[in-house]
Structures are given as C-alpha cells and as structure tokens.
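# Remarks on the overall topology
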Amino acid sequence: MSQDQPDEAQPPALRASDADRERVAGVLHRALGEGRITMTELEERLSAVYAAKTHAELVPLTADLPESSSQAAPVPAAQSAVGHPLIGGTPGSTFSIAVMSGVARKGNWCVPAQHTSFAFWGGIDIDLRQATFAQQHVTITAVAIMGGIDIVVPDDVRVEVTGIGLMGGFDSSGDATTAPDPNGPVVTVNGLAFWGGVSVERKPRTPPPDKHRMI
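Remember, predicted model here, so these are calculated numbers, not experimental data. (Residues numbered from 1 in each chain as written. Predicted model: local features only at pLDDT ≥ 70, side-chain atom pairs only at ≥ 80, totals over all residues. Heavy atoms only, no water.)

### Points about the environment of Arg 202
Inspection of the secondary structure assignment puts Arg 202 in strand S13 (residues 197–203). Judged by its relative accessible area of 19%, Arg 202 falls in the buried class. A sequence separation of 30 residues divides Arg 202 from Ser 172, and the C-alpha atoms of the two residues are 8.1 Å apart. There is a polar contact of 3.5 Å between the side chain of Arg 202 and the backbone oxygen of Val 159. (Helix = DSSP H or I, 4+ residues; strand = E, 2+ residues; numbered from the N terminus. Buried < 20%, exposed > 50% of the residue type's maximum accessible area, 1.4 Å probe, protein only. Polar contact = N/O pair within 3.5 Å; in protein donor to acceptor, adjacent residues only side chain to side chain.)

Below is the structure:
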C-alpha cells in the first residue's frame, strides 16, 4: 500500500470585507496624524489595503502600529458623565472616507470615541449640532490630502483643535459660549491638511426637526 497520502485540504483564506478594509485604513490614518508613518508610507499601505482580498493580506499592514482605539468596547453609560443628555448611546460609524467623492455626517447620530475622517480629492462635511456623543471625550482625526473637511461644532460644546497644516490650512473659527458645561462633551480635532483644508467652526446648536409636524 502506498505510503503517500494526499495533503489534507487547507481551509480557504477568510475573505476581507469592506468594513475590514476601512478599519485598517482608519488605523493608518490615525498613525499618520500621530506622526508614526509618513505620507509616502500611508499612500503605499492604503494601496495595499484596498487591493487586499483576505484578512491575511491586511494583517502585516498594521503589525507595527498600536491597536486601534476604535476596537475597544463601548464604555457603559455608568462611566459617562452621569445624566448628561448629550452623552451615551450606541456609537455610529468610526470612519468617513471620501476619495474623489463627497461624504456627509449630519443630523441625529452618535459620535464614537474615535472618528477618523479622510478626504483625498474629495470633500467631507461633519455636523455635530444634532449629534450625541458615546463618551464625554471624543476625538476626530481629520486627514485632508488635496481635499477638504468641514466640521461644525455646537457653540455649547468644548472643542480643542490640534491639527497641522502642511501647504494647507487647519483652521478653527467661531466663539464658544461663555461657560460650556464642565460635564458636557469635549471634542478634540487633530490630524493633517496637506494641499488641502480642514475647517472647524463653532455655530449655535440646531434644534431637532419636528417629527410630528403635519405636512
């Protein structure tokens, strides 16, 4: 009887989904904003991310980077600012990506602890005037490369802008209320504008639409 036995069938490689690719892209965008990788490295790794077909192809692209903070489990409501009407809830999307296109995050949505916004030859509008916040402290990492990102923050919410403009603008405008609620949300906007622009503007809060109004 022959000693040769056929190799056991190997399980097929697990296919990567669009959400998997976006998660890895978000880690890379944050790494750029934190100065861990260069613009050239970002472009090279993003090309590999969007060409990847399996999980195994995605793993090496972030092996030398910290785990994404967006992977952490949502903080229970008890750990949020107790009783604050704007804090708590199920986090919304952790990414806004516009490549030669436009994306908007507006209306009634729950901002996650970490949201990454990336615009390449495109535009992104983020409006927080009707938003709630999953945690008291949230961070928006905005990276605009030959594109634009406009972020509107209600004037009763504390906001800190720490981004960098490189041959581009990373601007903040508008006035906050005289005494923002110390228990209210705190929004930090960081990131990079390269041959593009990131604009953070404070505006009065927009009241929610009247769902019961008769047409």
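### Let's talk about the pattern of salt bridges
Per the counting criterion, the structure on display carries 3 salt bridges. One salt bridge connects Arg 129 with Asp 127, and the closest N-O pair in it is separated by 2.7 Å. A salt bridge links Asp 156 to Arg 205; the shortest N-O distance between them is 2.9 Å. With Asp 156 in the loop between strand S8 (148–154) and strand S9 (158–161) and Arg 205 in the segment after S13, this pair connects stretches of sequence that are 49 residues apart. Note on Arg 205: relative accessible area 29%, which makes it partly exposed. (Salt bridge = Lys/Arg side-chain N within 4 Å of Asp/Glu carboxyl O.)

### Focus: the environment of Gly 35
You can see Gly 35 is positioned in the loop between helix H1 (18–33) and helix H2 (39–51). Residues Gly 35 and Gly 191, spaced 156 residues apart in sequence, show a C-alpha to C-alpha distance of 9.5 Å.

### Brief notes about the nonpolar core
Residues Leu 128, Ile 149, Ile 151, Val 187 and Val 189 are the most contacted members of the largest nonpolar core, which totals 25 residues. Broken down by secondary-structure element, the contributors of at least two residues to this core are strand S5 (123–127), strand S7 (137–145), S8, strand S12 (186–194) and S13. Ranked by residues supplied to this core, first place goes to S7 with 4 residues. Residues within four places of Ile 149 in sequence aside, it is in contact with Ser 117, Ala 119, Ile 124, Ala 142, Val 143, Ala 144, Gly 197, Val 198 and Ser 199. (Core = buried A, V, L, I, M, F, W, Y, C linked by side-chain atoms within 4.5 Å. Contact = heavy atoms within 4.5 Å.)

### Here we look at the pairing of S7
By the criterion of burial, S7 is predominantly enclosed, with 8 of the 9 residues buried. In the sheet, strand S4 (residues 114–120) pairs with S7 via 7 bridges, with the strands oriented parallel. Within S7, the residue paired with Phe 120 across the bridge is Ile 145. (Pairing = 2+ DSSP bridges.)

### Focus on the pairing of S13
Along S13, the buried face is formed by Val 198, Val 200 and Arg 202; none of Gly 197, Ser 199, Glu 201 and Lys 203, which line the opposite face, is buried. Here S8 pairs with S13 via 7 bridges, running parallel. Looking at S13, one finds that Gly 148 is bridged to Gly 197. Bridge count for strand S11 (residues 169–173) against S13 is 5 bridges, and the pairing is parallel. Counted as the bridge partner of Gly 169 is Gly 197 from S13.

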